[in-house]
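Next come the chains, spelled out residue by residue.
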Amino acid sequence: MLARGVRRALGCCAVLVLLTGCQDSAQGKQLDINYATTTGVGSMTGGPLKLPHGRYTVFSSSDPPECVQSVALLNQAGTAVADDASQRAALLHPPAGVLTAVAQQGTTPTLVQQELPSGSYHLKVTTSGAGCAWEVQQILNYILSSDPPLKPVAAVVAPPLDITLGNLNPDLHFHVDKAGIYHVRWSITPCDRYSGSLVRDGVRWVAVPRGLPLRNACFR
């Protein structure tokens, strides 16, 4: 039989553990944690990611804006718990004269604070072509269980892009190996007036006005 002092100490420790657990619990608190940011080119199905019971928001952007056909979240059985294909199709073909976020910049939500049970999930992105660049962000808004919250993802920095094109080189093409956000600075030798543009697969991205360099422009 334990002495009275030992029993009292153990009881205090148990109460302290319970109080500490209540104080550290994130259950029911607004978190808005960006736990995953995925970029890719073309269609892709990601690996499993274990999620706690909670409310989630998933949204994406793409370049060109209409090249992503659907963003879906699959459970462990391979069933889509969310799929924005029909919503995305409606947003891409709005009534005449109506501009949507998808049509302007390729951004659309797949989930908006939707409750998901705990389990493993796969991100699936379907595109219209192999050259479609996209980014998907996954947000944990609220955790609805006693599980610890997910950790925020570290910001991914695109690698530096150093390209030199000159009049002596007839090939004016260059390749971006990794999708990302880039700072583009134009440095022009002051020998003549010039004009230029960025073109991908025959489609012009941004035209540079004649005689004016383009600085600090962001491209995906």
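In this report, we go over the structure that sits alongside the text.

Basis of the calculations
- Residues numbered from 1 in each chain as written.
- Predicted model: local features only at pLDDT ≥ 70, side-chain atom pairs only at ≥ 80, totals over all residues.
- Heavy atoms only, no water.
- Helix = DSSP H or I, 4+ residues; strand = E, 2+ residues; numbered from the N terminus.
- Buried < 20%, exposed > 50% of the residue type's maximum accessible area, 1.4 Å probe, protein only.
- Contact = heavy atoms within 4.5 Å.
- Areas by Shrake-Rupley, 256 points an atom, 1.4 Å probe, with all protein chains shown as cover.
- Salt bridge = Lys/Arg side-chain N within 4 Å of Asp/Glu carboxyl O.
- Pairing = 2+ DSSP bridges.
- Disulfide = S-S within 2.5 Å.
- Phe/Tyr/Trp six-rings, centres within 6.5 Å; stacked < 30°, edge-to-face > 60°.
- Axes fitted to C-alpha atoms, helices over the stretch in contact; angles between N-to-C directions.
- Core = buried A, V, L, I, M, F, W, Y, C linked by side-chain atoms within 4.5 Å.
- Patch = residues over 30% accessible without salt bridge, like charges linked within 9 Å, V, L, I, M, F, W, Y side chains within 5 Å.
- Polar contact = N/O pair within 3.5 Å; in protein donor to acceptor, adjacent residues only side chain to side chain.

Brief notes about the overall build of the protein chain
For the protein chain, the count of helices and strands is three helices and 13 strands. With 220 residues in all, the protein chain has 27% of them scored as buried. Long-range pairs, those at least 24 residues apart, make up 75% of the contacts in the protein chain between residues at least 6 apart in sequence. As presented, the protein chain carries roughly 14300 Å² of accessible surface, and 57% of it is formed by carbon and sulfur atoms.

Structural notes on the pattern of salt bridges
Side-chain pairs of opposite charge can arise whenever the charged atoms involved come near each other. Tallied over the entire structure, the rule returns two salt bridges. Where Glu 115 meets Arg 55, a salt bridge forms, and the shortest distance between an N and an O atom there is 3.7 Å. On the criterion of sequence distance, the pair formed by Glu 115 in strand β7 (residues 108–116) and Arg 55 in strand β4 (residues 54–63) is long-range, its members being 60 residues apart. Taking the relative accessible area as the measure of exposure, Glu 115 reaches 38% and is therefore partly exposed. Between Arg 88 and Asp 84 there is a salt bridge, and its shortest N-O distance comes to 2.9 Å. Overall, Arg 88 belongs to the buried group, its relative accessible area being 1%. Take Asp 84: its relative accessible area is 0%, and that puts it in the buried class.

Some words on the pairing of β4
Taking burial as the measure, the ten residues of β4 include eight buried ones, the bulk of the element. Both β4 and β7 contribute to a ladder of six bridges, which runs antiparallel. Across the sheet, the residue bridging to Tyr 56 is Gln 114, located in β7. Sheet analysis places β4 next to strand β9 (residues 133–143), joined by ten bridges and oriented antiparallel.

Here we look at the state of the cysteines
Enumeration according to the criterion identifies one disulfide in this entry. Through a disulfide, Cys 67 is tied to Cys 132; the S-S separation comes to 2.0 Å. Disulfide Cys 67-Cys 132: torsion about the S-S bond near 60°, hence right-handed. With a gap of 65 residues between them, Cys 67 in the loop between β4 and β5 (68–74) and Cys 132 in the loop between β8 (119–127) and β9 connect regions that are remote in the sequence. Judged by its relative accessible area of 2%, Cys 132 is buried.

Regarding the packing of aromatic side chains
Given two aromatic rings, their pairing is described by the distance between the two centres and the angle made by the two planes. Scanning all chains against the criterion turns up one aromatic pair. Seen in terms of ring centroids, Tyr 35 and Tyr 56 are 5.9 Å apart; in terms of plane orientation they differ by 85°. Their pairing is edge-to-face. Here Tyr 35, found in strand β1 (residues 30–41), pairs with Tyr 56, found in strand β4; they are 21 residues apart in sequence, far enough to count as distant. Residues Tyr 35 and Tyr 56 agree in their burial class; the two are buried.

Quick word on the sheet that holds β9
Reading across from one edge, β1-β9-β4-β7 is the order of the four strands in this open sheet, with antiparallel pairing throughout. If you trace the sheet from one side to the other, it starts and ends with β1 and β7, each paired once. In this sheet, adjacent strand axes meet at a mean angle of 15° when their direction is disregarded.

Notes on the nonpolar core
One finds Tyr 35 and Tyr 56 to be the most contacted residues of the largest nonpolar core, which totals 21 residues. Broken down by secondary-structure element, the contributors of at least two residues to this core are β1, β4, β5, β7, β8 and β9. Setting aside residues no more than four positions away along its own chain, Tyr 35 makes contact with Leu 49, Leu 51, Tyr 56, Gln 138, Ile 139, Leu 140, Leu 150, Lys 151 and Val 153.

Some remarks on a nonpolar patch on the surface
A grouping of Leu 161, Ile 163, Leu 165, Leu 172, Phe 174 and Val 176 is seen on the molecular surface, where their side chains present a nonpolar patch of about 490 Å² in accessible area. Note on placement: Val 176 falls in the loop between β9 and β10 (182–184).

Description of the environment of Tyr 35
Taking the relative accessible area as the measure of exposure, Tyr 35 reaches 9% and is therefore buried. Placed 117 residues apart in sequence, Tyr 35 and Pro 152 show a C-alpha to C-alpha distance of 4.5 Å. In this structure the side chain of Tyr 35 is engaged in a polar contact, spanning 3.1 Å, whose partner is the side chain of Gln 138.

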